[in-house]
Amino acid sequence: MVKFYDLNICYQNNQVEYLNILLQHCFKLGYSGLALSNNIDLTNFNLQTDKVISRINIVANTVGQVKKTLKTLPEKKTLISVYTLNNSVANWCAETGPIKILSINLENIKKLQRSTMKIASENNCFFELQLLELIYNKDYPLVKKISILSEKLNKILNQDAGLIISSGASNIFQLRAPRDVIALLKIFDIKESDAKKMISDYPKKIFDEYSIICRR
Amino acid sequence: MKKRKRYIVFQVLYEGSLYEKDVLKIISNQLIRLFGEVGASKTHFWLHLYNEDSKKGLIECRHNTVQIIRATLASIFEFANQPLTFYTVGVSGTMKAAKRKYLNT
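Residues numbered from 1 in each chain as written. Chains lettered and ligands numbered in written order. Predicted model: local features only at pLDDT ≥ 70, side-chain atom pairs only at ≥ 80, totals over all residues.

Student: Sorry, what's going on with the overall build of chain B here?
Tutor: Regarding its fold elements, chain B presents three helices and five strands. Counted from the first residue to the last, chain B has its helices and strands arranged as β-α-β-β-α-β-β-α. Taking 13 Å as the expected radius of gyration for a compact globule of 105 residues, we find that chain B reaches 13 Å, a close match to that expectation. Taking the principal axes of its C-alpha atoms as reference, chain B extends roughly 45 × 35 × 20 Å. (Helix = DSSP H or I, 4+ residues; strand = E, 2+ residues; numbered from the N terminus. Rg over C-alpha atoms; globule rule 2.2 N^0.38 Å.)

As C-alpha cells, then:
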C-alpha cells in the first residue's frame, strides 16, 4: 500500500486542541507521516510521535544568515528547509548536509538555475512546492501560474532532482487528500507516476531518515 | 458501446450553509475555468445528490475523467469570501456501491 507524507504543516497558533484536530485530520485524509513547522514539544500531544517529525523553515538571502541560524539550532534532529531568492545561497544550501529542503514558489522558481538543480540532485537535497502556492496564490493569473509551474516543475523533474509537494497548511481548510493532490498536479503537466513520487517516495526518504534520528 | 461511468463521493468543509444549487454552481464554474467548456463537456459531469446536513455529495462522470473532477474539487478554496474545501471520499463504479460504501445508505 502506498504511504503518503505531508512534510509541511505550518501551525501558527498555540492552541493544543486545534493542532490535535489538524494532525488527526491529516491522518484521516490518508497521510502516514507529517512534519510540523513549529517549535512545539510534541510530547504535549496525544499522537504517535513516530508519525510526526519537527521542522524549521529558514528564510535567508545570504549564506551568512543561513549559517547564523544553523548555529542556533540545538540538535540535528530537526528537518531544515531554506527559502531564498538568491541563487548562490540556494547552491550553498543544496550542497550543505543539514539542509534537506529548498522551498520554491512562483517568485524564486523563475530564477532557479540548472546548476542548482544538478547540485541538489547530487547531494540528495529536495525542492519543495507548497499546495498553498498552487491553489491559493492570487498574485498571478491562473494561466500564468499554470504555464510557469508546468515549465519549471518539469525542468526540475527532468534534471532528476527530487521534488516534493507539501500542504503548508495552518488550518484544516488548506489540507487536501493525497490522491486529490496527485490529480491536481496533472493540471501542471506532471505525470501521475512523478506526482506519486512527489507526495510519497521522496518525502518518505526524508521522513524515514529523520524519524530514525529522532528515535535515537 | 456503453460508456463506463464512475461515481465520486465528496465531502465539503464549509462553516456555513451550502445548498445543492451552490455546490453545482461552484463545481461547474471551476471545471470550466480549469478545463474550458470543451474539456468540461467531455467529463459528462453530473451532481446526483448533495446532503446539506452531512455536506456529502455524489458526482457522476466518465471513467477516464475522474482525475479531472478530482483536480477540480481540490482546486476549489473559497465561496462567498469564506474558506471552502472539497475532499474526495471515494470513487466507485456503480452508484449503488458508492452509496453503500461511502454514504452509508
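Student: What's the story with the pairing of strand β1 (residues 5–14) of chain B in this structure? I'm lost.
Tutor: In regular strands, side chains alternate between the two faces of the sheet. Residues and elements named next belong to chain B. Sheet topology note: the β1/strand β3 (residues 56–62) ladder contains seven bridges and is antiparallel. Each residue of the ladder has a partner; that of Ile 8, found in β3, is Ile 59. Inspection of the sheet shows β1 paired to strand β5 (residues 82–92) by eight bridges, in the antiparallel sense. Its bridge partner lying in β5, Gln 11 is registered against Tyr 87. (Pairing = 2+ DSSP bridges.)

Student: Got a minute to help me understand the packing of helix α7 (residues 178–185) of chain A against helix α2 (residues 66–75) of chain B in this structure?
Tutor: The relative placement of two packed helices is expressed as an angle between their axes plus a distance between the axes. Relative to each other, α7(A) and α2(B) sit at 105°, their axes nearing to 8 Å. Relative to α2(B), the element α7(A) lies roughly perpendicular. Residue-level inspection shows A:Arg179, A:Asp180, A:Val181, A:Ala183 and A:Leu184 of α7(A) in contact with α2(B), the latter providing B:Gln67, B:Arg70, B:Ala71, B:Leu73, B:Ala74 and B:Ser75. Residue classes in the contact of α7(A) with α2(B) are distributed as six nonpolar, two polar and three charged. (Axes fitted to C-alpha atoms, helices over the stretch in contact; angles between N-to-C directions. Parallel < 35°, antiparallel > 145°, perpendicular 65-115°, else oblique. Contact = placed C-beta atoms within 7 Å. Nonpolar A, V, L, I, M, F, W, Y, C, P; charged D, E, K, R; others polar.)

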